[in-house]
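Tertiary structure, described
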Amino acid sequence: MRLSGKTVTVGVTGGIAAYKSCELVSLLKKAGADVHVVLTEHALNFVAPLSFEALSGNRAITDMFDRAHDWKIGHISLAKKSDLFVVAPCTANLAGKLACGIADDFLSTTLMATKSPILLAPAMNTGMLTSAAYTANAKILAERGVLFIESGVGRLACGDDGKGRMAEPKDIFERICAVLNSKNDFCGKTVLVTSGGTREPIDPVRYIGNRSSGKMGAAIAAAAVMRGAKVIYVAATDAVAPNVPVDIVRVETTADMRKAVLEKSEQADIVIKAAAPADYTPQKVSDGKIKSDELKLSLKKNPDIAAEFGKVKGNRKLVIFSAETEKLEENAKEKLARKNADMVVANNVLAPGAGFSVDTNVATIITKKKTVSLELMSKAALADIILDEIKEL
Ligand SMILES: Cc1cc2nc3c(=O)[nH]c(=O)nc-3n(C[C@H](O)[C@H](O)[C@H](O)COP(=O)(O)O)c2cc1C
């Protein structure tokens, strides 16, 4: 079973979505986990502990000062024995308490004491979700390594339509499995990932762009976070963001990306350049909207960010991508040497299922020691293989 031998504590707080946590507990139990449930005082207004006790087979904890237990100090022993804590639903109140170090009930005290991963499944009214207070608290928590499973968009219990619905129990369950079964072999590492296609302005309304969606970069960022890394995600304007906590730095042009990479890479152990920075930029950007019948653009070469970083990287590892349409290996090997990279992930963007916008890729990984040609696979699976190969460098 997927979670045999694992202990998972489910925190339930005071929101309408609390009833959905019964399904989560059931899924965890069926997967073989030892499941403990902690309910806040306010959660008891929405759900009864008995349901969770029947589903988990363990006594549900509702009171910090309940002495009818057989163990020592409850919150500390649970903090130590749990492999993961999930709070579903997570109220704005609980996120706020956790961010500020307030430990005034069993759940908040245990969460503060644990060194295990914490996954929050926020559920709240859109106004609360987008409030300055919640946004700041969520940022603090994400920076401390607390994991989030984003809430969805839809009809909320308060009658509003918008973002704030708790993620579906099966999705929370899958995320828990992914975290618990992750190798955690990037713990303590900082990985900088660049992603998406940059834009080079022609005039105030137009730009030169490319087809990169950022999906490969997002998959690498997500895999690195799942394996314990801190990720700095330098993303072009339209690049998709990974559904995990990362430090996002948004950039528009290749020049902006260069600046962000050179600055932020000082904190990184590994730089993975999955972005497609525009190679050329207009010589001159028009101040006003161009209205002439004919438009001739004169372009100049943009800086080569990878090559520049390669010159100063020192002990840091550099992984580059090489989108090719011919002579894949030959061109990729030449780039590996010229840019002083440690690995190149080459793909023929014309191959079916490879390249831009799609969720799959066909890649060849080339390092100084070896060449690995891979079959068609999901970008998520490829991301994990790239990380495995980085460990071998
Ligand atoms: C009917 C009802 C629904 C609520 N739903 C939510 C919710 O979805 N998210 C939230 O953050 N707070 C919600 N609240 C407010 C919380 O219950 C309140 O902030 C409480 O103090 C949370 O306590 P706890 O975090 O200790 O469980 C709701 C309150 C009521 C009366």
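Residues numbered from 1 in each chain as written. Predicted model: local features only at pLDDT ≥ 70, side-chain atom pairs only at ≥ 80, totals over all residues. Heavy atoms only, no water.

**Points about the nonpolar core**
Just so we agree on the cut-off: As used here, the term nonpolar core means buried Ala, Val, Leu, Ile, Met, Phe, Trp, Tyr and Cys residues forming a set that is joined through side-chain atoms within 4.5 Å. The buried label applies to any residue whose accessible area, calculated with a 1.4 Å probe on protein chains only, is under 20% of its type's maximum; exposed applies above 50%, and partly exposed to all values in between. The way it works is that DSSP assigns letters per residue, a run of H or I at least four long becomes a helix, a run of E at least two long becomes a strand, and they are numbered from the N terminus. The start and end points of each domain follow an automatic or database-based domain assignment. Contacts are assigned to residue pairs that have any heavy atoms within 4.5 Å of one another.
Core analysis: the largest hydrophobic core is formed by 70 residues, its most contacted members being V10, V86, I172, I176 and I386. By residue number, the principal contributor to this core is helix α9 (residues 215-226), which donates 9 residues. Taken domain by domain, the makeup of this core includes at least three residues from each of domain 1 (7-180) and domain 2 (190-391). Not counting chain neighbours up to four residues away, the residues in contact with I172 comprise L24, V86, A88, L119, A121, I149, M166 and A167.

**Description of the pattern of salt bridges**
Rules: Salt bridges are counted wherever a side-chain nitrogen of Lys or Arg sits within 4 Å of a carboxyl oxygen of Asp or Glu.
Applying the stated rule across the entire model yields 25 salt bridges. Among the charged side chains, a salt-bridge network with shared partners connects K183, D185, R227, D384 and D388.

**Let's talk about the domain arrangement of the protein chain**
Let me state the cut-off plainly: Once two parts are put together, the accessible area they lose, assessed with a 1.4 Å probe and summed over both, is termed the buried area. Here a polar contact is taken to be a pair of N or O atoms separated by no more than 3.5 Å, where protein atoms must pair a possible hydrogen donor with a possible acceptor and residues adjacent in sequence count only if both atoms sit in side chains. Residues are sorted three ways: Asp, Glu, Lys and Arg are charged, Ala, Val, Leu, Ile, Met, Phe, Trp, Tyr, Cys and Pro are nonpolar, and all the rest, Gly among them, are polar.
Its domain assignment divides the protein chain into domain 1 (7-180) and domain 2 (190-391). Look at where the C-alpha atoms of domain 1 and domain 2 centre, and you get two points 36 Å apart. Taken residue by residue, the interface counts 9 residues in domain 1 and 6 residues in domain 2. Around 540 Å² of area is buried between domain 1 and domain 2 when both sides are counted, 58% of it from carbon and sulfur atoms. Among the residues domain 1 hides against domain 2, the three largest losses belong to L147, E150 and R175. Together they make up 48% of the total. Remark: the boundary between domain 1 and domain 2 carries 0 residue pairs in polar contact (both at pLDDT 80 or more). Among the elements of the structure, α7 (132-143), β5 (147-148) and α8 (169-180) are those that each provide at least two residues to the side of domain 1 that touches domain 2. Considering every element that reaches the side of domain 1 that touches domain 2, the biggest residue donor is α8, with 3 residues. Class assignment of the residues belonging to the side of domain 1 that touches domain 2 gives a composition of 6 nonpolar, no polar and 3 charged.

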